[in-house]
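A closer look at the structure
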Amino acid sequence: MNPYAEPLLELKKASKAYNGSVNTLSPDETSVLLDDVSLVVRPGDRIGIFSSRNIESISLINCLAGISSLDKGELIHRASVSWPVGANDALDPKLTGHANARFAFEIYEDPANYQEKLELVRNLCELTEDQFHSPISTYLGRDLQIFRLALSLVIDFDCYLIGRVGDGWKRKGQVRKPSPVFAYMKEKLEGKTLLITSAKQAIFALRYCTTGIAIIDGKIAYNGDPKVCLDMALEHRQQLTLQQIEANTASDSDDLSGEDLDES
């Protein structure tokens, strides 16, 4: 990483709130997901995003990708930035895998590379020609995960944003051999600029990142060692759990007191 290189993307004083049920929130409560967050990403940065609530890190990835709007703040892209890898919700279930992939390539790739990359996606997904030319609504859950992951990785970006990849990289069946998608992912992300959410994939984030940020109550509480970020996120999650247990206990006590009054 060159600390003096021009940033590939910047987030300035970003805020994002969510109205509705998040963890212990009731439907009419508002959760602050991002609170005055600023972030600069330069070429070669490999940043893990750790948070006590998964929705915070996922929201940051979505905002950086531009697929989720900010309530306040500014997002600046100075290079090509991926959608959240492995979490492409723009796919049309009525179209075939081939048609969905071709549509994406028409937007992001040189037409001269279409056929080669279409075949690469098919091979990474271990699909037959008939399967590749079938609507993705017919794909089983694991097959669809693999397809999303493969399509995201095959397209070239200056900066990769890694969402929840799930277990799509694992080989289908019980054979314990490296999956084509997993092997390709390791090769593709080598030396690339990337940001990874640790939501339900903390080990994955630690493996690929050289630095991290810890988001606590919507704010960046620490920027540095990814393991320290993970420890901070886990500690705060435990605190939130204890608070919820105490709140539930108090609520149960109030309910019992009310029942006693009614019976008397």
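Look up: the structure comes first, before these words.
Read on for a plain summary of the structure. The residue count restarts for each chain, going from 1 along the sequence in the order it is written. The predicted origin of the model limits local features to residues at a pLDDT of at least 70 and limits the giving and counting of side-chain atom pairs to 80 or more, whereas totals for whole chains, interfaces and linings rest on all residues. Side-chain measures here rest on the full set of heavy atoms in the structure, leaving out hydrogens and waters.

**Considering the overall build of the chain**
To qualify as a helix, a DSSP run of H or I must reach at least 4 residues; to qualify as a strand, a run of E must reach at least 2; elements of each kind are numbered from the N terminus. Across its full length, the chain holds 8 helices and 8 strands. The rule is simple: take the accessible area with a 1.4 Å probe, protein chains only, and divide by the maximum for that residue type; under 20% is buried, over 50% is exposed, in between is partly exposed. Counting over 264 residues, the chain shows a buried share of 42%. Within the chain, residue pairs in contact and separated by at least 24 positions form 69% of the contacts whose partners lie at least 6 positions apart. The method behind every accessible area is Shrake-Rupley, applied with a 1.4 Å probe, and residues are considered shielded solely by the protein chains displayed. Taken as a whole, the chain presents about 14,100 Å² of accessible surface, with 50% of it coming from carbon and sulfur. Note on contacts: a residue pair is in contact if any heavy atoms of the two residues lie within 4.5 Å.

**Section: helix α6 (residues 180–189)**
Among all positions in α6, only Val181, Phe182, Tyr184, Met185, Lys188 and Leu189 are buried. Each buried residue of α6 sits inside an arc of 165° when the element is viewed along its axis, so together they form one side. In this fold, the buried residues of α6 make contact with β3 (46–51), α3 (114–125), α5 (141–154), β5 (159–162), β6 (193–197) and α7 (202–208). Positive backbone phi, approximately 75°, marks Gly191, located one or two places after α6. In this context, the arc is that of the directions from the helix axis out to the C-beta atoms.

**As for a nonpolar patch on the surface**
Residues enter patches when their relative accessible area tops 30% and they take part in no salt bridge; the joining distance is 9 Å for like charges and 5 Å for the nonpolar side chains Val, Leu, Ile, Met, Phe, Trp and Tyr. The salt bridge criterion pairs a side-chain nitrogen of Lys or Arg with a carboxyl oxygen of Asp or Glu, the two atoms within 4 Å. Together, Phe103, Ile107 and Tyr108 give the surface a local cluster of nonpolar side chains, amounting to about 330 Å² of exposed area. Checked against the element boundaries, Phe103 lands in helix α2 (residues 97–108). Looking at Phe103, the relative accessible area reads 52%, which means it is exposed.

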